[in-house]
Amino acid sequence: MSVADDLIKKAQARDVRFGIIGLGYVGLPLAIELGHAGFKVLGYDVSQRVVDGLNAGHSHVKDISDAQLAAIREAGRFEATTDGSRLREADAISICVPTPLSKFKDPDVSYIVAATETIKRVLRPGQAIILESTTYPGTTREIMLPALESTGLKVGQDFFLAFSPERVDPGNPVYQTKNTPKVVGGITPDCLRVVCALYQPAIDVLVPVSTTEAVKLLENTFRSVNIGLVNEMAIVCDKLGVDVWEVIDAAATKPFGFMKFSPGPGLGGHCIPIDPHYLAWKMRGLNYKTRFIDLAGELNTEMPAFWVRKVADALNETGKAVRGSKVLVLGVAYKKDIEDLRESPALDIIRLLEGQGAQVAYHDPYVPKFEEDGHRFASTPLTAETLAGADCVIVVTDHSNLDYDLVRRHGRVIVDSRNALGRRGMK
Ligand SMILES: NC(=O)c1ccc[n+]([C@@H]2O[C@H](COP(=O)([O-])OP(=O)(O)OC[C@H]3O[C@@H](n4cnc5c(N)ncnc54)[C@H](O)[C@@H]3O)[C@@H](O)[C@H]2O)c1
């Protein structure tokens, strides 16, 4: 029996041990799903805090409850470690490490390189390696493959290498890791066969393709470009004195050829503001300028300044300047009903308001405190007094559990970047 067929047979019998590198928003839900499917999972993370927390039964990822974690721990199917050498025990290793941008907005694949080095030290015949992190086309073949083959082992023969981009949408009540179709691509046909067999027990629908890195980047660029378009419509409608949300809602009644996107304070999170730059960077190396991507990035990045101007205009209407005014920011997470602050436009809005001399406080039921540029913030309770005490309230994140009625009743001046209060509630 070939090495590939042997691993496929073991996957079918759930006799495969998975290793997951990086136990964050992506890695932990994947680990739980694989555990549910009957696989034993060894989670490896460089963060002692993350590993200790998980081994003590505490999930640090909001979409995963302590009870879900307990279920697979009690079944003896999950264990976390900071010891990378233990990945030798794993038959399949999924890499879920961050892929941020450098200071100059170039891809920072150093985490993928570090994870690859960790694997290189333990790679043995019969292992499958799957990259889950979002990255530019060519990363698996150009960076990971030569590093792994430098061990003397041959891809498709001794070990298997695949890319399968995670599509997790934190806070989504309907689509989670298991019921979101998963795109998979292998370096060789046997790599693809192996990765399909490995993920098939845990994921409802697999979509095998020959190239996958570009698929993920198209998905996220599609969102960035369309959000850029509606954000431009927000600016256009503002200049026209037209209600952009009414325009969008009416356009969305067209049953074909239109897909609804909503304007807002700008992009946030670890994906949409970052991933398109991976593609733009790759194309610059091929002498091609990705104009849509760049333009959408510019428009989305300018939105915090647009909303800060709206605050200034609203204060001006009441005879006040931004300097010295008290501004209450509602919601700092990058999107509703989650606690993730990464790349949140609220951080830009706070920085810009403070830069103009405003006294900024915030309320966010999901983010009790945070630190930014050495400045510590703590969430203010949302009460009639705090609302009435603010010269202006700006809604940045439209969490479902915020008391918008209270905001409507007690806010003196309200700027609503999400239309969370609804058109009738606008002041
Ligand atoms: N968060 C999302 O919504 C989302 C959705 C789809 C895809 N992605 C992609 O998934 C990847 C991971 O994102 P995330 O949000 O899970 O990140 P995260 O920051 O939540 O988790 C990453 C984890 O990896 C650990 N880590 C870093 N370097 C490591 C190393 N060398 N070895 C072992 N562990 C290491 C960190 O300590 C951290 O716990 C990124 O490429 C991201 O673009 C994220």
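Per chain, residue numbering runs from 1 following the sequence as it is written. Owing to the predicted nature of the model, reporting of local features is limited to residues with pLDDT of at least 70; listing and counting of side-chain atom pairs is limited to 80 or more, with chain, interface and lining totals taken over all residues. The side-chain figures draw on all heavy atoms in the structure; neither hydrogens nor water molecules are used.

What to know about the overall build of the protein
Defined as follows: Every helix listed is a DSSP run of H or I at least four residues long, and every strand listed is a run of E at least two residues long, numbered separately from the N terminus. The rule is simple: take the accessible area with a 1.4 Å probe, protein chains only, and divide by the maximum for that residue type; under 20% is buried, over 50% is exposed, in between is partly exposed. Pairs of residues are marked as contacts when any of their non-hydrogen atoms sit within 4.5 Å. Only the protein chains shown count as cover for residues, and all accessible areas are computed by the Shrake-Rupley method using a 1.4 Å probe. His is not counted, nor are the chain ends, whereas Lys and Arg count as positive and Asp and Glu as negative. To locate a charge, take NZ of a lysine, CZ of an arginine, CG of an aspartate or CD of a glutamate.
Looking only at helices and strands, the protein has 14 helices and 14 strands in total. C-alpha extents for the protein along the principal axes are approximately 80 × 50 × 40 Å. A burial count over the protein gives 51% of its 427 residues as buried. Contacts spanning at least 24 positions in sequence make up 69% of the contacts within the protein whose residues lie at least 6 apart. Carbon and sulfur atoms provide 54% of the accessible area of the protein, an area that totals close to 19,400 Å². Here the protein carries 49 positive and 53 negative side-chain charges, and the mean point of each set is 1 Å from the other.

Thoughts on the sheet that holds strand 6 (residues 160–163)
In sheet architecture, strand pairing relies on hydrogen bonds along the backbone and comes in two forms, parallel and antiparallel. The criterion, for reference: Strand pairing is defined by DSSP finding a minimum of two bridges between the two strands. For every element, the axis is a line fit to its C-alpha atoms; helices are fit only across the contacting stretch, and the angle between N-to-C directions ranges from 0 to 180 degrees.
What the 8 strands build is an open sheet, ordered 3-2-1-4-5-6-7-8; its pairing is mixed. Looking at strand neighbours, the two that pair on one side only are strand 3 (78–81) and strand 8 (206–208), the edges of this open sheet. Each adjacent strand pair in this sheet contributes to an overall mean axis angle of 25 degrees, direction not counted. Bridge count for strand 1 (residues 17–21) against strand 2 (residues 40–44) is 5 bridges, and the pairing is parallel. Its bridge partner lying in strand 2, I21 is registered against Y44.

Some words on the sheet that holds strand 10 (residues 359–363)
Read across the sheet, 4 strands follow the order 10-9-13-14 without closing on themselves; strand pairing throughout is parallel. Among the strands making up the open sheet, the edge pair consists of strand 10 and strand 14 (414–416). Averaged over neighbouring strand pairs, the angle between their axes works out to 20 degrees when direction is ignored. Relative to strand 10, strand 9 (residues 326–330) runs parallel, the two sharing 5 bridges. Pairing of L330 across the sheet is with H363, part of strand 10. The sheet contacts of helix 12 (residues 345–355) involve strand 9, strand 10 and strand 13 (392–395), and relative to strand 10 the element is tilted by about 155 degrees.

Looking at the pattern of salt bridges
Formally: Criterion for a salt bridge: a side-chain nitrogen of Lys or Arg within 4 Å of a carboxyl oxygen of Asp or Glu.
In total, this model carries 27 salt bridges according to the counting rule given. One salt bridge connects E149 with K154, and the closest N-O pair in it is separated by 3.5 Å. For K178, the salt bridge goes to D204, with nearest N and O atoms at 2.9 Å. In this pair, K178 is assigned in the loop between strand 6 and strand 7 (182–186) and D204 in the loop between helix 7 (189–199) and strand 8, connecting sequence segments 26 residues apart. Given the relative accessible area of 34%, K178 is considered partly exposed. According to the relative accessible area criterion, D204 is partly exposed, its value standing at 47%. Linked by salt bridges that have partners in common, R17, E79, R86 and E89 make up one network.

Quick notes on the pairing of strand 9
Note the cut-off: Note on handedness: a crossover is taken as right-handed if, strands pointing away from the viewer, the path from the first strand over the helix to the second is clockwise.
With 4 of 5 residues buried, strand 9 lies mostly within the body of the structure. Chirality of the crossover, the property in question, places the unit of strand 9, helix 12 and strand 10 among those that are right-handed. When strand 9 meets strand 13, the two strands line up parallel, connected through 4 bridges. Counted as the bridge partner of V329 is I394 from strand 13.

With respect to the packing of aromatic side chains
The line we're drawing: A pair of Phe, Tyr and Trp rings is counted when the ring centres sit within 6.5 Å of each other, with Trp represented by its six-membered ring. The angle between the planes then sorts it: under 30 degrees is stacked, over 60 is edge-to-face, the rest tilted.
Using the criterion set out here, one finds 9 aromatic pairs in the structure. With a centroid separation of 6.1 Å and an interplanar angle of 5 degrees, the aromatic rings of F18 and Y199 are classed as stacked. In this pair, F18 sits in strand 1 while Y199 sits in helix 7, placing the two residues 181 residues apart along the sequence. Note on accessibility: F18 and Y199 belong to one class, buried. Taken together, F18, F39 and Y199 form an aromatic cluster joined through their ring pairs.

Describing the environment of G53
Structurally, the position occupied by G53 is in helix 3 (residues 48–55). Assessed through its relative accessible area of 18%, G53 is described here as buried. Through-space distance from the C-alpha of G53 to that of A147 is 32 Å; in sequence the pair is 94 residues apart.

Let's talk about the site of the ligand
Under the convention used in this document: The criterion for a residue being near a molecule or strand is simple. One of its heavy atoms has to lie within 4 Å of it. Counted as a polar contact is a pair of N or O atoms within 3.5 Å, where, for protein atoms, one must be capable of donating a hydrogen and the other of accepting one, and residues adjacent in sequence contribute only when both atoms are in side chains. Any residue outside Ala, Val, Leu, Ile, Met, Phe, Trp, Tyr, Cys, Pro, Asp, Glu, Lys and Arg is labelled polar, Gly included; the first ten of those are nonpolar and the last four are charged.
Inspection of the region around the ligand gives 25 residues, with V26, D45, T99, T134 and R342 positioned closest. Contact between the ligand and V26: an oxygen atom at 2.9 Å from a main-chain N or O atom of the residue. Interatomic distance of 3.0 Å between a backbone N/O atom of T134 and an oxygen atom of the ligand. Considering the ligand on its own, with 840 Å² of exposed area, one finds that the protein chains cover 90% of that surface. Residue classes in the shell around the ligand are distributed as 14 nonpolar, 7 polar and 4 charged.

Some words on the packing of helix 8 (residues 213–240) against helix 11 (residues 291–317)
For any two helices packed against each other, the geometry comes down to the angle between their axes and how far apart the axes lie. Note the threshold: Under this scheme an angle from 65 to 115 degrees is roughly perpendicular, one under 35 degrees roughly parallel, and one over 145 degrees roughly antiparallel; angles in between are oblique. Two helices that cross are described as forming a left-handed crossing if the nearer one is turned anticlockwise from the farther one by less than a right angle, and a right-handed crossing if clockwise.
Between helix 8 and helix 11, the shortest axis-to-axis distance is 8 Å and the interhelical angle comes to 45 degrees. Of the possible angle classes, the one that applies to helix 8 and helix 11 is oblique. Once helix 8 is placed against helix 11, the crossing between them reads as left-handed. On the side of helix 8, the interface is formed by T221, S224, V225, I227, G228, N231, E232, A234, I235 and D238, while helix 11 contributes F292, I293, A296, L299, N300, M303, F306 and K310.

Digging into the packing of helix 2 (residues 27–36) against helix 4 (residues 66–74)
Running from N to C, helix 2 and helix 4 cross one another at 45 degrees; their axes reach a closest spacing of 10 Å. By the angle between their directions, the pair helix 2 and helix 4 is classed as oblique. Crossing handedness for the pair helix 2 and helix 4: left-handed. Along its contact with helix 2, which presents A31, I32, G35 and H36, the element helix 4 presents Q68, L69 and I72. Of the residues in the contact of helix 2 with helix 4, the class split is 4 nonpolar, 3 polar and no charged.

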